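Analysis of the macromolecular model
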Amino acid sequence: MLDKIRELLKRAWDSLKKIFTKVVSFLQNIVNFFKSKYDAIIRKKPNAKAISIKIKEVLETGDYNTVNMSDFDTNLSKDKIVNTFYDMDTGEILEEETEVISYESLDEQTKAQFSDKDMIVLENN
Amino acid sequence: MVKLIGRSYAFFKSMATEENLKIAEKFLSKVEKAGEEILNKIDGLNETIVENTDKLCEVLEVDLLNMDSLNEIFDNYGSKKFESVAFLKGEYDKKRDKRVYFIQKLDRNKKPVTENEILCLYVNNIDPAIPQWFGDKEMVVISK
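Description of the structure in this document. (Residues numbered from 1 in each chain as written. Chains lettered and ligands numbered in written order. Predicted model: local features only at pLDDT ≥ 70, side-chain atom pairs only at ≥ 80, totals over all residues.)

**Considering the packing of helix H1 (residues 2–41) of chain A against helix H2 (residues 18–52) of chain B**
For the pair H1(A) and H2(B), interaxial distance at closest approach is 9 Å and the crossing angle is 15°. When the axes of H1(A) and H2(B) are compared, the pair comes out roughly parallel. In the packing of H1(A) onto H2(B), the handedness of the crossing is left-handed. Residue composition of the contact of H1(A) with H2(B), by class: 17 nonpolar, 6 polar and 6 charged. (Axes fitted to C-alpha atoms, helices over the stretch in contact; angles between N-to-C directions. Helix = DSSP H or I, 4+ residues; strand = E, 2+ residues; numbered from the N terminus. Parallel < 35°, antiparallel > 145°, perpendicular 65-115°, else oblique. Left-handed = near helix turned anticlockwise from the far one by under 90°. Nonpolar A, V, L, I, M, F, W, Y, C, P; charged D, E, K, R; others polar.)

**Section: the interface of chain A and chain B**
Of the residues lining the interface, 45 residues belong to chain A; the matching set on chain B comes to 48 residues. Ranked by the residues each element gives to the side of chain A that touches chain B, the list is headed by H1(A), at 20 residues. Residue classes in the side of chain A that touches chain B are distributed as 24 nonpolar, 12 polar and 9 charged. By the bridge criterion, 4 bridges tie strand S1 (residues 65–68) of chain A to strand S5 (residues 139–143) of chain B in an arrangement that is parallel. Looking at the pairing, A:Asn68 lines up with B:Ser143 of S5(B). (Contact = placed C-beta atoms within 7 Å. Pairing = 2+ DSSP bridges.)

**A few points about unusual backbone geometry**
Residues and elements named next belong to chain B. Positive phi is not limited to glycine here, since Asp97 has a value of about 55°. Assignment of secondary structure puts Asp97 in the loop between strand S2 (84–89) and strand S3 (99–106). Not every positive phi belongs to a glycine, and Asn116 is a case in point at roughly 60°. Checked against the element boundaries, Asn116 lands in the loop between S3 and strand S4 (119–126).

**With respect to the sheet that holds S3(B)**
Pairing within the open sheet is mixed, and its 6 strands lie in the order S1(A)-S5(B)-S2(B)-S3(B)-S4(B)-S1(B). Strands at the two margins of the open sheet, each flanked by one partner only, are S1 of chain A together with strand S1 (58–65) of chain B. Pairwise comparison of adjacent strand axes, ignoring direction, gives a mean angle of 25° for this sheet. In terms of strand pairing, S2(B) meets S5(B) through 5 bridges, oriented antiparallel. If you follow B:Ala86 over to S5(B), its bridge partner there is B:Val141.

So, in structure tokens, the structure goes:
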């Protein structure tokens, strides 16, 4: 008799446990839903799916450039000089006219012009 | 071993008849059936909610984006196993006054390592070499 009762109680407990677990996971999903909406609106986090589709499209069309990670170190080992134009009227750098020159060593004259500064401004008078 | 004493025992003994147990079992079966229905409904609702929950990009604020910081991002964020990285140029964020880039890690077949796992970089300054990688394209694939 006791075994029978124990079995019934166990079945009842298992049922309750299953429902409780599902309800908790349901509430968790609701929280995630609102959290995701909040993050998208308030924290302006972009939708990953939309970006993923965009990347997939570009990969399929092959309309991309390629770079090798192994080239990073080579680039890093070299110093660079950036030549650019600054429009004093608009206060903006003209990026499309910017060029980057990698070098391993500078000539004495250029070194002297830089002296201990990072930048030289050539003014157009 | 459960030891029942006193009045509880008398009550329990009077209730624990074969007949009552059958009633209890019948009732429990009904409760279980109703429970299963509730579980199925919750499953359906869960699926609907998950389908309608937007997966968002992981946003990173980067003061200076250069080869070092890119390598650091590749190492520390997102899937660890990848063969290449899709590096997509986003629209300039005028309000934040920042450049925007997206990163997705790819496998050897150029498929996402993890579906919809996207890093979004808001960048203050950038190594001038990086925009040059893009040329007239909006995306660069960086291979290992």
